[in-house]
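# Working through the structure, step by step
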Amino acid sequence: MAGKDYKLTLVMIGPKNVGKTVFLSALANSPGIGIGDPASVRAIKLHWEALSKGELPSATAATLTSLLFSYSGKIGENSYNVDLRIPDYDGHFAEIMSEYETGAREIGDLRALIKQADGFVVFMPADSRDAATMEKLRVEIGSFIDFVRAEYGDSARIERPLVIAVNKWDMSPYFRSAGEDEAARAHVESVGIYRDIYKKLQSYFSDIVILPISAYGHPAQDGKPGPEGLDPYRVEEPIAVIIDKCFSALKKEAGDLETAGNWTGLARLLLRTRALWRRCPAFDYGPLLQKALDHCDAALATRLAGAPNATEYDRIWKESPEKDFWAEYTSIQRAAIEDLKKHSLTATSRDLAQKLAAAKDSAEFEQILQNAPEGRYFADLDREQRADILKLKARHEKGEHRRKNFKKAWFAPLVLVIAACGYCGYWYAAFARNHAEAMNPGLGPAPQWHALAEFITRYEANPVASALFSGNLREASARRAALVKDVASDIEKRLAETHENSDPCARAQAAGLLLAEANAPGLNAPHGLLND
């Protein structure tokens, strides 16, 4: 994201033997150009040694190597200090670049470099008489355009700068002349194959510049630099043009994003290219980057502040592109967002505690802690919040322990109580049955009196029964007394009726019958009714 190793990537397009390797060697020895790493130094050194001897360096064979350079100089009113990456590759790779089925790793790497390139340099030799070179150039540019079309579509207008370098310009009669730029353009438009390529490139690229260059800096002898060595002519200009246009495009894109209020896109752009612009005083985007980051932080904090719990906080965080700039926010901004996280965790802790408090036992407690959405934030809670939840767990475990001990301590007494209740129920049922039989009005006076007497005698002798059923015993006693009174009243009435009879014989007979009835079993027995 930060792009601290970001380098401008420039891709050269040209077939084998078109002069790419000689161009890189000459470029490395041009004013303002430095070599970026030891591997690039070694590669350029071998090429330069051959050129210094008046020989051509070996063509790049079946490899693709990224050479690192640096550019330091003034272009127009602006000074630049930029790191560059320029791949050096076998021209045959480019000729078969559109053949997806090849599977060669280097071809895939070249395609990837073209996709991420910041600019392109297309080589068109000033000498167009070599038919073999022209055919290879046609094939390579065709492959390049096919790939661009597949990547961007037929209607795309690619805004990345492209420079047509009319190399080996020392072979032109216009070499080092005042109008050589116009002559180079005229040359491209006059050669049939160049003109066709130029028109195809114009269909896709919106910014094309034509420049004449010479790696040797003087007319070559049989295509070789000659004993006078190299005097590179304008070889750094294609690089300078691309650098200047890239920075102009960066300025425009940054301005458009700021105007549109697209602070996320602006921050992403400036962070990705920070390694480029931070070393160029005329393009100090530091304040603008901070402005974009402040807006991103405010937008992120506003959304996170609305999260009712940690689950929602995490959802918002994952869906917010502003989170990608976390490392770029100030410590105060990060602390404020972390406070919002703590606030959401407090709400989550409260929700989790409510669910755990409703658990019936420790097993359900553990199940809630593992399965509830809030449970996965337990480790994120602060010490006090975790302690409160652990107290709930301890309370559940203590309650279960108490319940187990309670069951053990009260099991035997409970059995005794149940047995006693069963016996009491049986005893009460027997009492109720005896009471109902004694109080049955369907019995005769004597049977009922005996039933009442037996009932009273049985239960008055039992202190528990006499206490529990005192009301029933009083009722039975009152019923017995009322029975005795009724029988005595009846006998007295009948005896009076006997005395009123004037016939002595009839009176004597009635008295005899009354005496017999009074002496009947159950009435005048030793414990009979009349004894009451």
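Residues numbered from 1 in each chain as written. Predicted model: local features only at pLDDT ≥ 70, side-chain atom pairs only at ≥ 80, totals over all residues. Heavy atoms only, no water.

## Here's the deal with the overall build of the chain
Filter applied, for reference: Only DSSP runs of H or I covering at least 4 residues are called helices, and only runs of E covering at least 2 are called strands; the numbering of each starts at the N terminus. Note on classification: 1.4 Å probe, protein chains only; a residue is buried when its accessible area is under 20% of the maximum for its type, exposed when over 50%, partly exposed between these limits. Note on areas: these come from Shrake-Rupley sampling with a 1.4 Å probe, and a residue is covered only by the protein chains present in the view.
A count of helices and strands for the chain gives 19 helices and 7 strands. Per-residue burial over the chain gives 41% buried out of 532 residues. Carbon and sulfur atoms make up 54% of the accessible area of the chain, which amounts to about 28400 Å² in all.

## Side note on unusual backbone geometry
Positive phi, close to 55°, is recorded for Lys-168, a residue that is not glycine. Mapped onto the secondary structure, Lys-168 falls in the loop between strand S6 (162–166) and helix H6 (180–190). Given a relative accessible area of 34%, Lys-168 falls into the partly exposed group. One non-glycine residue, Arg-234, adopts positive backbone phi at about 60°. On the secondary structure map, Arg-234 appears in the loop between strand S7 (208–212) and helix H8 (237–260).

## A look at the environment of Asp-314
As for its placement among the helices and strands, Asp-314 is situated in helix H12 (residues 310–319). Each C-alpha atom, one on Asp-314 and one on Ser-344, is 9.6 Å from the other, the two residues being 30 residues apart in sequence.

## Details of the sheet that holds S7
Put simply, the rule reads: Whether two strands pair comes down to DSSP finding at least two bridges between them. Whenever a helix is involved, its axis is fitted only over the stretch in contact; in every case the axis is a line through C-alpha atoms, and angles between N-to-C directions fall within 0 to 180 degrees. Throughout, a contact is declared for two residues whenever any of their heavy atoms are within 4.5 Å.
With mixed pairing, 7 strands are arranged side by side in an open sheet as S2-S3-S4-S1-S5-S6-S7. Each edge of the open sheet is held by one strand with a lone partner, namely strand S2 (33–35) and S7. Averaged over all neighbouring strand pairs, the angle between strand axes comes to 30°, with direction disregarded. Looking at chain direction, S2 and strand S3 (residues 64–75) are connected through 3 bridges and run antiparallel. Each bridged residue has a counterpart across the sheet, and for Ile-35 the counterpart in S3 is Phe-69. Along the sheet, helix H1 (residues 20–28) makes contact with strand S1 (8–13), S2, S3, strand S4 (78–89) and strand S5 (119–123), crossing S4 at roughly 150°. The sheet strands contacting helix H7 (residues 192–204) are S5, S6 and S7, and the helix crosses S7 at an angle near 145°.

## Thoughts on helix H14 (residues 362–371)
To be explicit about the condition: Summarising the geometry, the arc corresponds to the directions from the helix axis toward the C-beta atoms.
All of the buried residues in H14 are Phe-365, Ile-368 and Leu-369. Angular distribution of buried residues about the axis of H14 spans 100°; they occupy a single face of the element. Turned more than 90 degrees off the buried face of H14, the exposed positions are Ala-363, Gln-370 and Asn-371.

## Some details on the pattern of salt bridges
Note the cut-off: Every case where a carboxyl oxygen of Asp or Glu lies within 4 Å of a side-chain nitrogen of Lys or Arg is listed as a salt bridge.
This structure, assessed with the given rule, holds 19 salt bridges. A salt bridge links Arg-315 to Glu-319; the nearest nitrogen and oxygen atoms lie 2.7 Å apart. Taken together, the residues Arg-315 and Glu-319, both in helix H12 and 4 residues apart, mark about one turn of the helix. Given the relative accessible area of 56%, Glu-319 is considered exposed. By sharing partners, the salt bridges in this structure join Glu-180, Asp-181, Arg-234 and Glu-237 into a single network.

## Some points on the packing of helix H13 (residues 331–357) against H14
Note the following rule: Each angle receives one of four descriptions, namely roughly parallel if under 35 degrees, roughly antiparallel if over 145, roughly perpendicular if within 65 to 115, and oblique otherwise. Left-handed describes a crossing whose near helix is turned anticlockwise from the far helix by less than a right angle; the clockwise case is right-handed. When residues are grouped by polarity, Ala, Val, Leu, Ile, Met, Phe, Trp, Tyr, Cys and Pro land in nonpolar, Asp, Glu, Lys and Arg in charged, and all others, Gly among them, in polar.
Remark: H13 packs on H14, axes separated minimally by 9 Å, with the N-to-C direction vectors making an angle of 150°. Taken as axis vectors, H13 and H14 run roughly antiparallel relative to one another. Like other packed secondary-structure pairs, H13 and H14 cross with a definite hand, here right-handed. Across the interface between the two elements, Leu-352, Lys-355 and Leu-356 from H13 touch Phe-365, Ile-368 and Leu-369 from H14. Residue composition of the contact of H13 with H14, by class: 5 nonpolar, no polar and 1 charged.

## Some points on the pairing of S6
Across the 5 residues that make up S6, a large majority, 5, are buried. Residues of S6 alternate between two faces, with Leu-162, Ile-164 and Val-166 on one and Val-163 and Ala-165 on the opposite face, all of them buried. Pairing of S5 with S6, which is carried by 4 bridges, proceeds in the parallel orientation. Looking at S6, one finds that Val-122 is bridged to Ile-164.

## Quick word on the pairing of S7
Each regular strand shows side chains that alternate between the opposite faces of the sheet. Of all 5 residues in S7, 5 are buried, a share of seventy percent or more. Pairing of S6 with S7 involves 5 bridges; the strand directions are parallel. Among the inter-strand pairings, Ala-165 is bridged to a residue of S7, identified as Leu-211.

## Description of the packing of H6 against H7
Packed helices, taken two at a time, are described by the angle between their axes plus the distance between the axes. Here H6 crosses H7 at 95°, and the two axes come no closer than 5 Å. In this view, H6 runs roughly perpendicular relative to H7, as classed from their interaxial angle. For the pair H6 and H7, contact is made by Arg-185, His-187, Val-188, Glu-189 and Ser-190 and by Gly-192, Tyr-194, Arg-195 and Tyr-198, respectively. Partitioned by chemical class, the residues of the contact of H6 with H7 number 3 nonpolar, 3 polar and 3 charged.

## Quick word on H8
Worth spelling out the cut-off: The span expected for a helix works out to 1.5 Å for each residue beyond the first.
Here H8 spans 34 Å end to end across 24 residues, near enough to the 34 Å set by a 1.5 Å rise per residue. Where H8 is concerned, the buried positions are Pro-238, Ile-239, Ala-240, Ile-242, Ile-243, Cys-246, Phe-247, Leu-250, Ala-254 and Leu-257.

## Thoughts on the environment of Leu-211
Along the chain, Leu-211 falls in strand S7. The spatial distance from the C-alpha of Leu-211 to the C-alpha of Val-163 is 7.1 Å, given a sequence separation of 48 residues. With residues up to four places along the chain from it excluded, the contact list for Leu-211 reads Val-163, Ile-164, Ala-165, Val-166, Arg-234, Glu-237, Pro-238 and Val-241.

## What about the packing of aromatic side chains?
Rules: A pair of Phe, Tyr and Trp rings is counted when the ring centres sit within 6.5 Å of each other, with Trp represented by its six-membered ring. The angle between the planes then sorts it: under 30 degrees is stacked, over 60 is edge-to-face, the rest tilted.
The full count for this structure, using the stated rule, is 12 aromatic pairs. The structure contains a cluster of three or more aromatic residues connected by ring pairs, namely Tyr-80, Phe-247, Trp-277, Phe-283 and Tyr-285.

## Some remarks on the side chain of Arg-234
Stated formally: Here a polar contact is taken to be a pair of N or O atoms separated by no more than 3.5 Å, where protein atoms must pair a possible hydrogen donor with a possible acceptor and residues adjacent in sequence count only if both atoms sit in side chains.
Look at Arg-234 and you get buried, because its relative accessible area is 13%. In this structure the side chain of Arg-234 is engaged in a polar contact, spanning 2.8 Å, whose partner is the side chain of Glu-180. At 2.9 Å, the side chain of Arg-234 and the side chain of Asp-181 are in polar contact. If sequence neighbours within four positions are ignored, Arg-234 has contacts with Glu-180, Asp-181, Leu-211, Pro-212 and Ile-213.

## Quick word on the confidence of the model for the chain
The test is simple: Every residue carries a pLDDT, the predictor's confidence in it, which falls somewhere between 0 and 100.
Averaged over all residues, the pLDDT of the chain is 80; the fraction at 70 or higher stands at 81%. Averaged over each element, pLDDT in the chain is lowest for helix H3 (residues 91–95) (52) and highest for S7 (97). Below pLDDT 50 for its whole length, residues 520–527 participates in 19 contacts with residues either more than four positions away or in separate chains.

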